[in-house]
Amino acid sequence: MTEHYFSAEPISDSHERELEIDIAGHSYRIQTSSGIFSPDGLDKGTAVLLHKGGLPELTTGARIVDLGCGWGPLTLALAAHYPDAHVYGIDVNARARTLAAHNAARAGYNNVTITEDAPLTDIDLLWSNPPIRIGKSALHNLLSHWLDRLAPHGVAYLVVQRHLGADSLLSWLQESGYPADKVGSQKGFRVLRVYGCGVASSR
């Protein structure tokens, strides 16, 4: 049986390690492991999203989603930047969720929830380095599931490698009725922005 970072229950042995890492100007000592996405640290796509992703002004109690949180780098960055908001780290991989929860708690962030899913609506901000390798159909279903939950004023930022279909994903978003554009490119990655505008009620 092939194991992927998007496997719900990794069957390989967990080889945990601790790393010192800087994320968006904050230093963290984090725990990572085999059987998850980017176990050796911050991957290039996530680094690009941290640099190019938008950080709009949000009100107290805003709802933020890190879709496909892995061990939690984007969750940590968002929790630090928005201490008065609540950040939901979402991942299907149980081992990744355990590590993300540990890393957020170790950093002292009490505005974080790590879960496989959450019955959220009116999401103010969503960041994601989405799991492209799950396949186009599954990826579209995943993105639709969460983008349809954006608040009318909400916005999502997605980072996708150009050679893995960033431009075709942008076309699909636009053709599917999502107001979307490209806001940045770096190191072979595209950062896509998707606006909420009552999409869920009109689709």
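Refer to the structure printed above.
Fair warning: this is a prediction, and the values are worked out from it, not measured in the lab. (Residues numbered from 1 in each chain as written. Predicted model: local features only at pLDDT ≥ 70, side-chain atom pairs only at ≥ 80, totals over all residues. Heavy atoms only, no water.)

J.: Quick question: what am I supposed to make of the pattern of salt bridges here?
T.: Note on pairing: side chains with opposite charge can pair once their charged atoms come close. This structure, assessed with the given rule, holds seven salt bridges. A salt bridge links Glu18 to Arg106; the nearest nitrogen and oxygen atoms lie 2.9 Å apart. Of this pair, Glu18 sits in strand S1 (residues 17-23) while Arg106 is found in helix H3 (residues 94-106), placing the two residues 88 residues apart along the sequence. According to the relative accessible area criterion, Arg106 is partly exposed, its value standing at 39%. For Glu20, the salt bridge identified is with Arg29, shortest N-O distance 2.9 Å. Exposure remark for Glu20: the relative accessible area of 58% places this residue in the exposed category. Assessed through its relative accessible area of 37%, Arg29 is described here as partly exposed. By sharing partners, the salt bridges in this structure join Glu18, Glu20, Arg29 and Arg106 into a single network. (Salt bridge = Lys/Arg side-chain N within 4 Å of Asp/Glu carboxyl O. Helix = DSSP H or I, 4+ residues; strand = E, 2+ residues; numbered from the N terminus. Buried < 20%, exposed > 50% of the residue type's maximum accessible area, 1.4 Å probe, protein only.)

J.: Honestly, the packing of helix H4 (residues 136-147) against helix H5 (residues 166-175) in this entry has me stumped. Any pointers?
T.: Helix-helix packing is characterised by the crossing angle of the two axes and by the distance between the axes. For the pair H4 and H5, the least separation of the axes is 12 Å and the interaxial angle reads 50°. Taken together, H4 and H5 sit at an angle that is classed as oblique. When you trace H4 past H5, the crossing you get is right-handed. For the pair H4 and H5, the contacting residues are Leu139, His140, Leu143, Ser144 and Leu147 in the first and Leu169, Trp172 and Leu173 in the second. Residue classes in the contact of H4 with H5 are distributed as six nonpolar, two polar and no charged. (Axes fitted to C-alpha atoms, helices over the stretch in contact; angles between N-to-C directions. Parallel < 35°, antiparallel > 145°, perpendicular 65-115°, else oblique. Left-handed = near helix turned anticlockwise from the far one by under 90°. Contact = heavy atoms within 4.5 Å. Nonpolar A, V, L, I, M, F, W, Y, C, P; charged D, E, K, R; others polar.)

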